[in-house]
Amino acid sequence: MSDMKKSKKNVSSQKDTKQEKLLAELESLEVEDLSGFSLKQEKKQKKDEEDLVFLYDDDEKNPNYHPKKKRRNSKAGKKWVIISASVVGVLLAVYLGIAFYFNSHFYLSTIINGNKMGGKTVAYAEEFIEKQIADYELKLKRSDGQIEKIQGKEIILKYQSSNELEKVLKSQNPFLWPKALFQKDIRKIETGVTYDQQKLKTKINQLECVKNSEPIKSVSATPVFSGNEFTIQKEVFGNEINVENLTKVVEDHLDGLKEEIDMKASKAYFEPKYVSESKEVISARETMNKCLNAEIVYDFNPFTEKVDKENISQWLSVDENMRVSFKESSVKEYIKKLSTKYDTSGKPRSFVTATGKTVEVKNGIYGWKINQSAEYTKLTEDILSGKSIKREPEYKRKAVSHQGNDFGNTYAEVDLTTQHMWFFQNGKMMMESPIVTGKPSSGNATPQGTYTVTYVQKGAVLKGKILPNGKREYETPVDFWMPFNGGIGFHDAVWQSSFGGNRYLTHGSHGCINMPKDKAQQLFGYLKAGTPVICHY
């Protein structure tokens, strides 16, 4: 019994222990469930509060408003950095790759001797040149449109390799290749071709345009008188070949292996030095038209002569350098005609003497005489000024009048036959005197002619020529000295015992007009420099 009781008691005790464990586990589960539920509810409430913020227009009025801190999108930033770095890397690789390419290739814009060599190697360029030379021919386009040719084989044209192409390549900086995208790299080099110079010279001389025996010569534009003014006559482009220029152009084209020459554009012809638009031609025309405005009236009282447009237009010209000049011979011929018409110096004169007879007086220097050289200078200066002028011509010697006897009516007369002299003032005889003139037998006869008083002087010493012994032939003092023909003049001669008649044949002077002292003094009061003196037989 007692064992059964013990057994039951143990069983009961075990049950109690199990029940306690189950109860504890149940409490534990309930606590966890409630805790989880509580956390879930709390999260839900926060979410509802956050959603509730957007129901308000004004965040500050929202009792549940809590500013949110923005978080950086670190993943997006890293992504852009990686992309940018990749792009830069690719571009750098492309740039360096192209730079490496241009280390052995010409820039894309490279033109060598007129040939496009962009992106090509030196080897390609040399091969290109060799191919060109094989069938090379140079076309010469003439001004008349005709074509003549020079073939490479005719002058033994060959290619000779050189380092000129290498120099071009090395001169370009491969790292600066982008600049070639915006500007051309034009080069002119010696391509290393050779040819027979003598054969080239012969070929050029055999060209039809060179052999032309009657070429049309080029003529510069020039001012020409059109009847009222100077206008510009257009230039003429001829077809005469300038062989020197043509040879240079041909050689230049051969070196560059160019295929055609425009002979006119390349100045293979002799060209006019000046064309219509040349400033030199325009300036010359303006100067010449200014000259046409000039008018020079010569005063030969009471007569006049006029130089105007009609004369001037025929006298003007331009030289090869478009400098305005005068046709010197034409201008001088005009002045010479004036001299022939108006000059009286040295010409014979018909003269009515004091005694009433008419004689012809030859010789002497008195009278009008134009200084033709000085007048040419003055006339051309006046024309260039373009002004209107009235004046006398430039004279070497002047007289009194251009009418009748040019000595007028105030003069001294010497009759070498009657040995007498007179002085007339304004046609009135003021004085007269017997005289003694030069001794003919001694070769000292006073010469006839018309002269002019050179000057008048009181108290002079008349001196003869120097003799072999060094002394003067004579030295004679006089009170009144009035020379008119070199060393010949009027003077007092107190040593003469008489005057007039035939005394001059035996006691004549050395050529001077000897006078009594009182008459010499009287004449001295009338004469002055320029007074005409007429000596006649």
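Above: the structure in question.
Residues numbered from 1 in each chain as written. Predicted model: local features only at pLDDT ≥ 70, side-chain atom pairs only at ≥ 80, totals over all residues. Heavy atoms only, no water.

Caption draft 1: Just the overall build of the protein chain, in detail. Helix and strand counts for the protein chain come out as 13 helices and 28 strands. Of all 537 residues assigned to the protein chain, the portion counted as buried reaches 35%. Within the protein chain, counting contacts between residues at least 6 apart in sequence, those at least 24 apart form 65% of the total. Of the roughly 33,300 Å² of accessible surface on the protein chain, a fraction of 51% belongs to carbon and sulfur atoms. (Helix = DSSP H or I, 4+ residues; strand = E, 2+ residues; numbered from the N terminus. Buried < 20%, exposed > 50% of the residue type's maximum accessible area, 1.4 Å probe, protein only. Contact = heavy atoms within 4.5 Å. Areas by Shrake-Rupley, 256 points an atom, 1.4 Å probe, with all protein chains shown as cover.)

Caption draft 2: Here's a closer look at helix α4 (residues 164-171). Where α4 is concerned, the buried positions are Leu-165, Val-168 and Leu-169. Projection of α4 onto a plane perpendicular to its axis shows the buried side chains occupying an angular sector of 95°, all on one side. Elements in contact with the buried residues of α4: β1 (110-112), α3 (122-134) and β6 (185-187). (Arc of directions from axis to C-beta.)

Caption draft 3: Main features of the sheet that holds strand β25 (residues 475-485). Ordered by their spatial adjacency, four strands build an open sheet running β24-β25-β26-β27, and the pairing between neighbours is mixed. Here the strands that pair on one side only, and so sit at the sheet edges, are β24 (457-463) and β27 (513-515). On average, each strand axis in the sheet is tilted by 45° relative to the strand beside it, whichever way the strands run. The sheet strands contacting helix α13 (residues 517-524) are β24, β25, β26 (488-492) and β27, and the helix crosses β25 at an angle near 45°. (Pairing = 2+ DSSP bridges. Axes fitted to C-alpha atoms, helices over the stretch in contact; angles between N-to-C directions.)

Caption draft 4: Main features of the sheet that holds strand β10 (residues 260-262). Strand order across the open sheet formed by three strands is β4-β3-β10, with mixed pairing between neighbours. Each edge of the open sheet carries a strand with a single partner, namely β4 (147-151) and β10. Each strand axis lies, on average, 20° off the axis of its neighbour in the sheet, ignoring direction. Bridging between strand β3 (residues 137-141) and β4 involves five bridges; their strand directions are antiparallel. Note on β4: the bridge partner recorded for Leu-138 is Ile-150. Across the sheet, helix α7 (residues 243-256) is in contact with β3, β4 and β10; its angle to β10 comes to roughly 150°.

Caption draft 5: Geometry of the pattern of salt bridges. On inspection of all chains with the given rule, the structure shows 24 salt bridges. Residue Lys-188 is joined to Asp-252 by a salt bridge in which the shortest nitrogen-to-oxygen separation is 2.4 Å. Here Lys-188 is found in the loop between β6 and β7 (193-194), whereas its partner Asp-252 is found in helix α7, with 64 residues between them in sequence. The shortest N-O distance in the salt bridge between Glu-235 and Lys-234 comes to 4.0 Å. Under the relative-accessibility criterion, Glu-235 is labelled buried at 15%. In this structure Lys-234 comes out as exposed when scored by relative accessible area, which is 56%. When salt bridges with common partners are traced through the structure, they connect Glu-375, Lys-378, Asp-382 and Arg-391 into a single cluster. (Salt bridge = Lys/Arg side-chain N within 4 Å of Asp/Glu carboxyl O.)

Caption draft 6: Molecular detail of the packing of α3 against α4. At a minimum axis distance of 10 Å, the contact between α3 and α4 shows a crossing angle of 145°. The element α3 and its partner α4 pack so that their crossing is right-handed. Along its contact with α3, which presents Val-122, Ala-125, Glu-126 and Ile-129, the element α4 presents Leu-165, Glu-166 and Leu-169. (Left-handed = near helix turned anticlockwise from the far one by under 90°.)

Caption draft 7: Structural detail: the nonpolar core. In this structure, Phe-106, Leu-246, Val-250 and Met-263 are the most contacted members of the largest nonpolar core, which totals 35 residues. Mapped onto this core, the elements with two or more residues apiece are α3, β3, α4, α5 (197-205), α6 (208-211) and α7. What Leu-246 contacts, discounting residues up to four positions off in sequence, is Leu-140, Ile-204, Leu-207, Val-210, Ile-241, Met-263 and Ala-268. Judged by nonpolar contacts, the second largest core, of 34 residues, contains Ile-312, Tyr-334, Trp-422 and Phe-424. (Core = buried A, V, L, I, M, F, W, Y, C linked by side-chain atoms within 4.5 Å.)

Caption draft 8: Fine view of the packing of α5 against α7. Relative to each other, α5 and α7 sit at 125°, their axes nearing to 11 Å. Classified by the interaxial angle, the pair formed by α5 and α7 is oblique. Here α5 runs over α7; the crossing is right-handed. Side by side, α5 and α7 meet where Gln-197, Leu-200, Ile-204 and Asn-205 of the first sit next to Val-243, Leu-246, Thr-247, Val-250, Glu-251 and Leu-254 of the second. Here the contact of α5 with α7 is composed, by residue class, of six nonpolar, three polar and one charged. (Parallel < 35°, antiparallel > 145°, perpendicular 65-115°, else oblique. Nonpolar A, V, L, I, M, F, W, Y, C, P; charged D, E, K, R; others polar.)

Caption draft 9: Fine view of a nonpolar patch on the surface. Together, Trp-80, Ile-83, Val-87 and Leu-91 make up an exposed nonpolar region whose accessible area comes to about 420 Å². Along the chain, Val-87 turns up in helix α2 (residues 74-101). On the basis of relative accessibility, which here comes to 44%, the residue Val-87 falls in the partly exposed class. (Patch = residues over 30% accessible without salt bridge, like charges linked within 9 Å, V, L, I, M, F, W, Y side chains within 5 Å.)

Caption draft 10: Seen up close, the pairing of strand β12 (residues 303-307). Here five bridges tie strand β11 (residues 295-300) to β12, and the two strands are oriented antiparallel to one another. In the strand pairing of β12, Ile-296 is matched with Val-307.

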